[in-house]
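Chain and residue survey
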Amino acid sequence: GRADLVVTDAMIDEYLAAMELDLPCFTVGAPPYDARIAPPDMVPKLCMNVLFQDYLHRDIGANIRAKQAFTFYAPIPVGTAVHAVGHLVEKYERRGRRFVTFEALFTDAAGHKLALDRRTQLVLGENFNIEKK
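Everything in this summary refers to the structure shown in the same document. (Residues numbered from 1 in each chain as written. Predicted model: local features only at pLDDT ≥ 70, side-chain atom pairs only at ≥ 80, totals over all residues. Heavy atoms only, no water.)

Quick look at unusual backbone geometry
The bulk of non-glycine residues show a negative phi, and the bulk of peptide bonds are trans. Cut-off, in case you're wondering: What counts as a helix is a DSSP run of H or I of at least four residues, what counts as a strand is a run of E of at least two, and both are numbered from the N terminus.
Unusually for a residue other than glycine, Glu20 sits at a positive phi of about 55°. By the secondary structure assignment, Glu20 is in the loop between α1 (9-19) and α2 (24-27). Its identity as a non-glycine residue notwithstanding, Arg95 has a phi of 50°, on the positive side. Within the secondary structure, Arg95 is located in the loop between β3 (81-94) and β4 (97-107).

Shown next, in the form of structure tokens:
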């Protein structure tokens, strides 16, 4: 999947309230940035349905997250236009269980890397003969 969004103050406020976070670096900003910075995992979480979950539920079926890792390359200030592309990296079986791994790369308008979200899902349904897209 693909996702595009522009980080706003309202988006950060809503995320902080939902996560019950009250950290000054996210609520009022922190030097050396002129704007507030989004919590590092906010943008990947906001894009999760479009990038992964809709595809998983539609084409693979029941699943549960087995593991996840983020790599953060740069902070994401308010006003940043973020573009994300997610893709299927691999599918495999281990000890009779089936897994699929996805990655999503988040970049700014200039193409600079912001974050990478890599997650592996345990496939609970029968639909495992999928092709990489």
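Anyway, onward from the coordinates.
Structural notes on the nonpolar core
To be explicit about the condition: For our purposes a nonpolar core is just a set of buried Ala, Val, Leu, Ile, Met, Phe, Trp, Tyr and Cys residues, chained together by side-chain atoms within 4.5 Å. Throughout this description, buried means an accessible area under 20% of the type-specific maximum (1.4 Å probe, protein chains only), exposed means over 50%, and partly exposed covers the range between. What makes two residues a contact is simply this: any of their non-hydrogen atoms within 4.5 Å.
Counting residues in hydrophobic clusters, the biggest one holds 27 residues, and the most contacted among them are Val7, Val43, Leu51, Val82, Phe102 and Phe106. Top contributing element to this core by residue count: helix α3 (residues 42-60), with eight residues. Aside from chain neighbours lying at most four places away, what touches Leu51 is Gly1, Arg2, Ala3, Ala84, Val85, Gly86, Ala104 and Phe106.

A few points about a nonpolar patch on the surface
Put simply, the test is: Two distance rules govern patches: like charges are joined within 9 Å, and nonpolar side chains (Val, Leu, Ile, Met, Phe, Trp, Tyr) within 5 Å, applied only to residues with over 30% relative accessible area and no salt bridge. The method behind every accessible area is Shrake-Rupley, applied with a 1.4 Å probe, and residues are considered shielded solely by the protein chains displayed. Salt bridges are counted wherever a side-chain nitrogen of Lys or Arg sits within 4 Å of a carboxyl oxygen of Asp or Glu.
Judged by side-chain polarity, Met19, Leu21 and Leu23 come together as a nonpolar surface patch covering roughly 230 Å² of accessible area. Among the secondary structure elements, Leu21 is positioned in the loop between α1 and α2. Note on Leu21: relative accessible area 34%, which makes it partly exposed.

Section: the packing of α1 against α3
The cut-off we apply is this: Every angle, taken between N-to-C directions, lies between 0 and 180 degrees, and every axis is a line fitted to C-alpha atoms, over only the stretch in contact when it is a helix. Just so you know how the angles are binned, under 35 degrees is roughly parallel, over 145 roughly antiparallel, 65 to 115 roughly perpendicular, and the rest oblique. Each residue gets one label: Ala, Val, Leu, Ile, Met, Phe, Trp, Tyr, Cys and Pro are nonpolar, Asp, Glu, Lys and Arg are charged, and the others, such as Gly, are polar.
Contact pair α1 / α3: the axes reach a minimum separation of 11 Å and the direction vectors enclose 90°. Here α3 runs roughly perpendicular to α1, going by the angle between their axes. Along the contact surface, α1 presents Met11, Ile12, Tyr15 and Met19, while α3 presents Met42, Lys45 and Leu46. Counted by class, the contact of α1 with α3 contains six nonpolar, no polar and one charged residues.

Considering the pairing of β3
Keep this limit in mind: One bridge is not enough; two strands pair if DSSP finds at least two bridges between them.
As defined by bridge partners, strand β1 (residues 2-6) adjoins β3 across five bridges and the pair is classed as antiparallel. Paired with Arg2 across the two strands is Val85, which belongs to β3. Across 11 bridges, the pairing between β3 and β4 is antiparallel. Each residue of the ladder has a partner; that of Arg94, found in β4, is Arg97.

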